[in-house]
Amino acid sequence: MSSHIDWIGRRTFLQRPGISLGAMALGSLLGRRTWADQADALGASKGTIQPLHHAPKAKRVIWLYMAGGMTHLETFDHKPKLAQMHGKPMPESITKGQQIAQLQGQKLNCFAPQHSFKPWGKSGQVISEIWPQLASKCADDMCIVRSLHTDAINHDPAHTFMNTGSMISGRPAMGSWLLYGLGAETENMPGFVVMVSTGKYGQRQPIAARQWHSGFLPGQYQGVEFRGTGDPVLYVGNPKGVDVQKQRQVVDAIASLNGLADQRLEDPEIATRVRQYELAFRMQASVPELMDVSKEPEHIFDLYGTKGGDGSFASNCLLARRLAERGVRFIQLYHRDWDHHGAVKAHSEGTAKEVDQGVAALITDLKQRDMLKDTILVFGSEFGRTPMAQGDGRDHHLAGFTMWFAGGGFKPGFSYGATDEFGYHAVENVVSVHDIHATLLHQLGIDYQRFSYKFQGLDSRLTGVEPCRVVHELIS
Amino acid sequence: MPVPRPSLGRGLSREKVVRKGWKCRNRLFFWGRAHPEVGSRSGLRPGRAAGWFPPEDWGPLANRNGRQASRQACKQAKWATRPIAGNELNVELKNQSKPELSRMLSVRRPILRKLVATLGLLVPTATWAQDPISFNRDIRPILSDNCFFCHGPDKNKREADLRLDTNEGLHGIASRPGIEGKPGVVVPGKPQESLLIERILSEDAQDHMPPASSGKKLTAEQIELLKRWVAQGGKYEGHWAFLPRKVAGQAGGAIALSDQQIRDRIDGLIAADLTKQGLVPSPKADRITLLRRLYMDLIGLPPTEDQVQEFLADNSPDAYQKLVDRLLASPHFGERMAMWWMDLVRYADSVGYHGDQEMSVSPFREYVIRSFNNNKPFDTFTIEQLAGDLLPAPTLEQRVASGYNRLGMMSAEGGVQDREYLAKYMAERVRNASGAWLGITLGCAECHDHKFDPLSTRDFYKFGAFFADIKERGLYSGANSDGNWGPFVKVPTEQEQQELKSLDQQMLQVQNLIDQNTPELLADFDAWQAAQVPWTTLKADAIVSLEGATLKAMPDGSFLASGKNPSTDSYLFTSSQLPAGVTAFRLEVLPDDSLPGKGPGRAGNGNFVLTEFVVHHRLANGPTNNVSLANPSATYEQIGAIEGNPYGKWSAEGALDNDAKGRKWGWAVMEQVGKSHAAIFETAEDLKIGPGDSIVVGLWQNLDNPQHTIGRFRLSATTAKRPVRASTSLPTELEGVLAKSQADRSDEERAKLLVYYRSIAPRLEPQRTELAALRKNRDELEKRTASTLVTEAVPPRMVRVLARGNWMDEAGEVVLPAFPQSLATLTAGVTPDSSGRLTRLDLAKWIVDPNHPLTTRVVSNRLWKLFFGAGISRKLDDLGAQGEWPTHPELLDELAQWMIDTGWDVKRWIKTVVMTESYQRSSNAPSDVRDKDPYNRYLARQSRFRLDAEMVRDNALSVSGLLVTKLGGRSVRPYQPPGYWAYLNFPQREWQNGAGEELYRRGLYTHWQRQYLHPSLLVFDAPNREECTAERPRSNTPLQSLVLLNDPAYIEAARSFAELIARHTGDVSTKLEYAFQRALSRSPTDKEKEVLVGLYTSHFEQFKSSAAAAKELLSVGSRPAASDLDVAELAAWTSVARALMNLHEFITRY
């Protein structure tokens, strides 16, 4: 496997036009050897899918990941019947044989929706009032799917399933798949970027780096976490006492010596290595440049409600837009703290408030830059929450929940699917996690059935082996 | 010297032999061990003779009762036409009595050797000639990839009832009486009449195979191959990896090859293919490259300059061999091998799921290192890990080894269901054991029959049932705080063991002194008894809660609070019955089930705070006097004082200060809730009340943190002589004894009192102090001693086949442990327990059975990769049908056989391989060779590859002189960026960098946090070890460059290296020479020197003009910078060192 992967890896990184190496005196030291030229001559292919399976509708994905299990019943899935049933036992016909998390062995009583809903926008999408900005500004951009179900009832495997299509670890995250298949449009930035913000409510559920791991794909497809504190990307800062010029000189010396070694050893891997040092050096400049939002105009700060740099969700939304502009393929923003086992009324409202303006701003901002059309926004959790009370909160729930999409060819102002009148089971136009993956791949020009990677002898796919489908009803 | 291929003996074609074999199949089956290849060649070596049913048919065949199974199999119609070879063997064997044969074939190796040696038969096999199409090499991969999904082993997905993975599927079954025939899809020799070819070529979309919907498409080349194969007879073969090894013997029929012979054989097989491919092998590598290669491959560290010189100076012909021997004997060999093995058995220091809490298993790592260093036979190594706990009277080492079963991920996530996670853990064990030893993807069969290999869902669950006896929980609730992840053992080091022993002895001696009934002690005891005065429980005339809580009188004289739970409260207790001359009051706070956390307080955590204790003396005639109290003490005082507490703890003194230091401070017991405690307050003067007088005891509970009130309490008084201290208060059960007169006390009661008295006798104070000190030492030592998770067997849980892997499904068949059916056979040494159930020990023995077709191949293939950069079959994780056909199948079989021949001797196996010419070749090759064989499949040259993650680190530390070469021990924490663990929780954590030598240990000792693996290991492709990892990818990314350029660990290494360079005597050029030698074991070229002199000069000037920058650079890391060297010079050399340590050559093994 290794040489094959090395080869792909090399190709992916070498097949970028227009990289000029800043190595000092390289030409004279290298003489006639043209390993750098060779590197550039490999062609313009970026991803491994060449050409794409069909014309893409979107180029990139920004996934707003509400970690912890956002309650669908206080946010996007209005269930008046549940209010009528408040305090009464959930009918056994609904819950019998169903998987239950923390409510195991307890009384299962209905718990009324804790916030009111109303129709918004021209499309009249029914959304809870805890999303004043999102609902009032973007209801007509949203494509809401209320009939999701997933396979895992606990956070850790549910995250892993949502991100990799499998509960068993070791599979690549969707961002890694995309980077592998499509490459990225940037050379100065990782192609798959993750940012995490933490709210004030809920349990601060842990999030494993597994969620952006490249699994069995080579390491270069791994998601890179951009951090709120310290170096935004690990080790992107020069060592203390080393300024840009000195760093440049060290990198140049490395390039020269590597070039000389290549003359002697004729090792194609060396050319790749030289390329990686050049990219690393550039990243040292481009990442801080990206993170520095001070030059954004005032109206942008007003729009997002942040001046940036505070590690908030809104701040990450602003950075996501900047990353999207720079050609990053897959951007994932986690907002962790939707795990509202108690006080779901206050906590869902609080957490929604932490998210509301940022997401509305992001959609608005992408729209005004004409980028929403080829950027897919995904908004959702690893699962939903029970219609049954857990004290004054709700437990984990896998049988029905909501996600929504915007941009990238998803139908704007559109609702699809439904749960039963309790909000328990997805019953109408049921959509699986694999269906979502297949649909997203489709929008990016990829046939999910043809996009595979050999692992343990199998053509492994993001969408796994179970049957799934592109949900054509969601896309225009 | 290439060894000539064995000639075809006796003029028999393989086909003829096969046909003859049919006649004898019954007898073969009778004793349950049949295989076409048995006795098929001269010079047989042991371990290949008996036992493996070829997967020509995957029908239900054998189980642990081989004889019965064989009979059953015999009855199965489909076996009737199955070709069986090895008839000569049968002829030979029929003269033996059946039981005798059975015995011979099921016992150990030597006997088997003897048996096989006596056979000495010659049966030819087809050679790996170029021309004939080989089903396994050429055809099976095409069919597997394109057809097996619908026409393969998975009965649920099978279309048209057609299998293309079996002989009968391809060639059909002839009709016989009672058996309905079935046509085949291959007509031997006639592609144009074969349905297989017809459907592939069909232009009718309905008929065309594979169907368009499958997304599969055959290439023209593949179609051509299929046609040629049919034209050549369309012969079927079982999957190579499931068939017995095919090894050639020597002329003369010796049993085993010598080391030299096997080396020649390896080189010969490679050379033969090179000739065939028209590739010219590269010459032997230069000595320095060889030396570095050996160092990296065998111990994972670079040679020092001295070691380079020593080797170069040794001109003896066996210099290389001596080096190999030396390195194999190095303790670092075990470390290098452990890096490899720990990926397979998913060694990690955290549990992986959800909170990813830590678990302690470092002694397991030490076991692995030690095993490789001691060259423990690999079969023993295997058995100990899978079933060390089931060995008779297992040693500590074997128990530690059994920790293998406990290395999987575990969860403490609330809401986890036991059954679900027990199913997950079992499935993971199946994936791991089948992956680590067998190289098969049995994990695929959790939800469905395997699509490509003959493994069924039942096989999966039966395999899982082997592990059903492991004591474990699905949900480790609470383990996030107490770290208790199930059975563990303490594994003291030798030194710790001795210390423990010595401490135990000392403690015993002191205890003996304490236990002695000396006359002096007994006299003291009597005096003490006489002096004891019991406490008198005070009876209440009235009791009231000022805030309205209900205080209920309990039979034992205590009061229990209930009802309203106010945020603060005061209890007023009035009593008119008091002993005369009270010297002290006692407040007991008592636990009660009705209280939160069992009390004694009413706060949510069971705590309370007594902010003030006051006593008033109310005279009968009216006035009330304050009773003066002093010398408060308590049996326990809460230690965790919040900011501002003037007492530094929640002491009883705070309850007796007239609130002089604030009304919210007082007595509390947080760490010890749920138990009874007492506070004692002396009266300043003996208190006596007159008739009609009463006292009022006030308990103020005014903490601003709400509801810290007392839940249950009792008040008493004593007239004993002062001092009266809480420490002298008796255990409750002894109070009753003391209340009796001495004469009324039974012997038993007296003995109890004496035991107690020993704990307070002033005479024994020195001994008690000594004992306490010893105990403390022992506790601390115990705490220091590493523990490790182990396997404990319990009565096995019931295992059901779970439909589609759904753990909630309870309808599935209950299964018992069994080997996968297609691989099952009678195995030497397998001894089911008394109930007939197979155990993990049986599983382990089956895995290392010399005849197991997979284990030796899998291990050899993976070891080969360590020394050649890629496996002989490149898919290290799958030797099944979807794996890659080995480039050198015979070579792989030879190596696998060599493992058996050497008695699973890993060091000897490795030595053999690294002594071959092929290993010693240069990794350089002319461009035509590289063009012809870009992936180096034919090994005309050595491979070159980047060092593994841990070795990238080790190499830098070693060159810098920082490396601490200590072996084993707990995991360590080198520098890691702050905040990297920010998204871990339960509990939240922050990485604390280690100190001192912990910062400079080898990479394999780095704390392995599954969810957030150390970033500089992760970036170089180290796996998070959540699952079995057979192969790490080798990526080459900008993030790797960032680590080597900027990670403080590498900067510190560079500046330490710079110190060595700066201290080396000579001018810049000489120093550079030294630096190159140390980093790369070679001299720089002029051009290389030119680049680095340029860098040095420029940076020297820059740092000279900015000493502050130089100092900053030299301050990276915790090791102090040399104070006697010029900072600008040192900083400039640091830049040079950084350049060298970032070179591709530096992190590559050539």
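Residues numbered from 1 in each chain as written. Chains lettered and ligands numbered in written order. Predicted model: local features only at pLDDT ≥ 70, side-chain atom pairs only at ≥ 80, totals over all residues. Heavy atoms only, no water.

A.B. asks: Provide a residue-level description of the overall build of chain B, including the pertinent values.
C.D. replies: Across its full length, chain B carries 41 helices and 20 strands. Contacts spanning at least 24 positions in sequence make up 75% of the contacts within chain B whose residues lie at least 6 apart. Summed over all atoms, the accessible surface of chain B reaches about 44,200 Å², with 52% contributed by carbon and sulfur. (Helix = DSSP H or I, 4+ residues; strand = E, 2+ residues; numbered from the N terminus. Contact = heavy atoms within 4.5 Å. Areas by Shrake-Rupley, 256 points an atom, 1.4 Å probe, with all protein chains shown as cover.)

A.B. asks: Tell me about unusual backbone geometry, and please be specific about residues and values.
C.D. replies: Residue A:Pro51 is bonded to the preceding A:Gln50 through a cis peptide linkage, with omega at -10°. Relative to the elements of secondary structure, A:Pro51 occurs in the loop between helix 3 (35-41) and strand 1 (60-67). Cis geometry marks the peptide bond from B:Phe986 to B:Pro987, where omega comes out at -5°. Residue position: B:Pro987 is located in the loop between helix 34 (949-960) and helix 35 (1015-1018).

A.B. asks: Describe the side chain of B:Asn955, naming the residues involved and giving the relevant values.
C.D. replies: All names here are of chain B. You can see Asn955 is positioned in helix 34. The class for Asn955 is buried, based on a relative accessible area of 0%. Setting aside anything within four residues of it in sequence, one finds Asn955 in contact with Met296, Pro302, Leu947 and Phe1146. (Buried < 20%, exposed > 50% of the residue type's maximum accessible area, 1.4 Å probe, protein only.)

A.B. asks: How would you summarise the environment of A:His437 if you had to cite specific residues and measurements?
C.D. replies: Residue and element names in this part refer to chain A. Counting through the fold element by element, His437 comes out in helix 14 (residues 433-443). His437 sits in the buried class, given a relative accessible area of 0%. For the pair formed by His437 and Lys137, sequence separation is 300 residues and the distance between their alpha carbons is 27 Å. With residues up to four places along the chain from it excluded, the contact list for His437 reads Trp63, Phe161, Met162, Gly165, Met174, Leu462 and Thr463.

A.B. asks: I'd like a description of the sheet that holds strand 14 (residues 694-701) of chain B, backed by residues and values.
C.D. replies: Residues and elements named next belong to chain B. Spatial strand order, 5-8-14-10-11: five strands in an open sheet with antiparallel pairing. Strands with a single pairing partner mark the edges of an open sheet, and in this sheet they are strand 5 (542-545) and strand 11 (624-626). Between one strand axis and the next, the sheet turns through 20° on average, direction left out of account. (Pairing = 2+ DSSP bridges. Axes fitted to C-alpha atoms, helices over the stretch in contact; angles between N-to-C directions.)

A.B. asks: How would you sum up the interface of chain A and chain B? Please name residues and give values.
C.D. replies: Often, the extent of an interface is quoted as the loss of accessible area on bringing the components together. Tallying the contact residues gives 92 residues for chain A and 98 residues for chain B. Between chain A and chain B, roughly 8,100 Å² of surface is buried when both sides are summed, and carbon and sulfur atoms account for 54% of that area. Seen at the junction of chain A and chain B, the total is six salt bridges. Across the contact surface, chain A and chain B share 42 residue pairs in polar contact (both at pLDDT 80 or more). For the side of chain A that touches chain B, the secondary-structure elements that each account for two or more residues are helix 1 (2-14), helix 7 (155-164), strand 5 (192-198), strand 6 (224-225), helix 9 (244-265), helix 10 (268-291), strand 16 (453-455) and strand 17 (458-460) of chain A. (Buried area = accessible area lost by both parts, 1.4 Å probe. Salt bridge = Lys/Arg side-chain N within 4 Å of Asp/Glu carboxyl O. Polar contact = N/O pair within 3.5 Å; in protein donor to acceptor, adjacent residues only side chain to side chain.)

A.B. asks: Mind laying out the nonpolar core, listing which residues take part and the relevant values?
C.D. replies: Judged by nonpolar contacts, the single largest core of 324 residues is most densely connected at A:Trp131, A:Trp404, B:Trp437 and B:Trp864. Of the residues forming this core, the biggest block, 11 residues, is contributed by helix 20 (residues 418-438) of chain B. Filtering out sequence-adjacent residues up to four positions away, B:Trp437 remains in contact with B:Trp341, B:Val345, B:Phe378, B:Thr382, B:Gln385, B:Leu386, B:Tyr404, B:Ile847, B:Thr855, B:Val858 and B:Arg862. B:Phe559, B:Val627, B:Ala634 and B:Tyr636 belong to the second largest nonpolar core, which has 35 residues in total. (Core = buried A, V, L, I, M, F, W, Y, C linked by side-chain atoms within 4.5 Å.)

A.B. asks: Just give me the short version of the pairing of strand 3 (residues 125-128) of chain A, but keep the residues and values in it.
C.D. replies: Residue and element names in this part refer to chain A. Inspection of the sheet shows strand 2 (residues 117-120) paired to strand 3 by four bridges, in the antiparallel sense. Residue pairing across strands places Phe117 opposite Ser128, the latter belonging to strand 3. Between strand 2 and the antiparallel strand that follows it, strand 3, lie four residues; Gly121 among them carries a positive phi value of about 65°.

A.B. asks: Give me helix 18 (residues 378-387) of chain B: which residues, what numbers.
C.D. replies: Counting buried positions along helix 18 of chain B yields nine of 10 residues, so the element is predominantly enclosed. Regarding helix 18 of chain B, the residues found buried are B:Phe378, B:Asp379, B:Phe381, B:Thr382, B:Ile383, B:Glu384, B:Gln385, B:Leu386 and B:Ala387.

A.B. asks: Before we move on, can you summarise the packing of helix 39 (residues 1086-1105) of chain B against helix 40 (residues 1107-1114) of chain B with the specific residues and values?
C.D. replies: All names here are of chain B. Packing of helix 39 against helix 40 leaves a shortest axis separation of 5 Å and a crossing angle of 110°. For the element pair helix 39 / helix 40, the angle class is roughly perpendicular. On helix 40, the residues touching Phe1103, Lys1104 and Ser1105 of helix 39 are Ala1107, Ala1109, Ala1110 and Leu1113. Of the residues assigned to the contact of helix 39 with helix 40, the class counts are five nonpolar, one polar and one charged. (Parallel < 35°, antiparallel > 145°, perpendicular 65-115°, else oblique. Nonpolar A, V, L, I, M, F, W, Y, C, P; charged D, E, K, R; others polar.)

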